[in-house]
Amino acid sequence: MNYQKTIEEIYVESQEFPKIGEVSASIPELKNISPDKFGIFISTHEGTEFGKGDFQEKISIQSVSKVFTLCLAFSILGEKIWQRVNVEPSGNAFNSLVQLENEKGIPRNPFINAGAIVIADILLSHLKNPKEDFLEFIREISGKKNIQFNQKVALSEKQTGYRNFALGNFLKSFGNIENKVEDVLDFYFHQCSVEMTCEELAHAFYFLANEGKTKSGKTILNKSQIKRLNALMLTCGFYDESGEFAYKVGLPGKSGIGGAIVAVLPRKFAVATWSPRLNEKGNSEAGMYALELLTTKLGISIF
Ligand code: GLN
């Protein structure tokens, strides 16, 4: 498998990709990211790694963090978490409120904001020092000690996160939040503000491509749990564009409004891309294109 050649070709072709979409406007502190950044990094099962472009620049990981919080909650509580959040695609925007009313406060899945807020509440109830323990978890799976929150981004979202506060309060009214809504959202805004490079993201996701074992050999989740996590990323990782991503790319993955996408091919590789221009579904258009090129050129996907 000639990964290096493929990554280089993808870089060139992605530079020619039309400049579609805008940088997310929903968090004021993120508005100033330069829109035409592009990075890609792949970490393979054979131990080889290749990066191109801005793959060593820190990105606001935003909703990619929902995979980390879910893995941590799943590793602590196991199947019990599904009593409070479902495992079905939502077919709605990531920050939508509409289904919650009919479905009595049980979010469709852990990757829409409502579901991630419930997972944040679970972590708040089960971790001694939630923010620090969460950072330690990411540091452990990525093998990088310097991973931090961006306090300015967390504060900026807190000051403008009216919809997330609405979701938190709505969930609380159904009895699906145990802690104070304010505390849960403080944790949620911090988890979203974590900054990581494409290289660190690919390393952190590696265990999802490696039957639960990190690059350094530590088991985080068992094989059956990894199957469930990857199934969820495939069906729900891109909100109401999950079908499109599966159709074009054919890999489980997760996006964030900072422009990152991370995807895995079980037993083969973990790959991260970064391009801040988002389409109307909140996913990075050039990132999706780069990953479509990757599976097409390599001729491998989960299908
Ligand atoms: N922090 C953002 C929010 O809650 C994350 C959204 C995203 O990346 N899709 O709205």
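Read on for an overview of the structure. (Residues numbered from 1 in each chain as written. Predicted model: local features only at pLDDT ≥ 70, side-chain atom pairs only at ≥ 80, totals over all residues. Heavy atoms only, no water.)

## Concerning the packing of aromatic side chains
For the structure on display, the rule yields 12 aromatic pairs. Consider the rings of Tyr 11 and Phe 38, whose centres lie 6.1 Å apart with planes at 50°: the pair is tilted. Of this pair, Tyr 11 sits in helix H1 (residues 3-15) while Phe 38 sits in the loop between H1 and strand S1 (39-44), and the two are 27 residues apart along the sequence. On the accessibility criterion, Phe 38 (4% relative accessible area) is buried. Ring pairing ties together the aromatic residues Phe 165, Tyr 188 and Phe 189, which thus form one cluster. A cation sits over an aromatic face here: Lys 52 above Tyr 11, 5.6 Å from the ring centre. Over the ring of Tyr 206 we find Lys 215, and its NZ or CZ is 4.2 Å from the ring centre. (Phe/Tyr/Trp six-rings, centres within 6.5 Å; stacked < 30°, edge-to-face > 60°. Helix = DSSP H or I, 4+ residues; strand = E, 2+ residues; numbered from the N terminus. Buried < 20%, exposed > 50% of the residue type's maximum accessible area, 1.4 Å probe, protein only. Lys NZ or Arg CZ within 6 Å of the ring centre and 35° of its normal.)

## Details of the environment of Asp 133
For Asp 133, the position within the fold is in helix H5 (residues 130-142). Judged by its relative accessible area of 26%, Asp 133 is partly exposed. For the pair formed by Asp 133 and Leu 123, sequence separation is 10 residues and the distance between their alpha carbons is 9.5 Å. Residues in contact with Asp 133, not counting those within four places in the same chain, are Leu 127 and Lys 128. (Contact = heavy atoms within 4.5 Å.)

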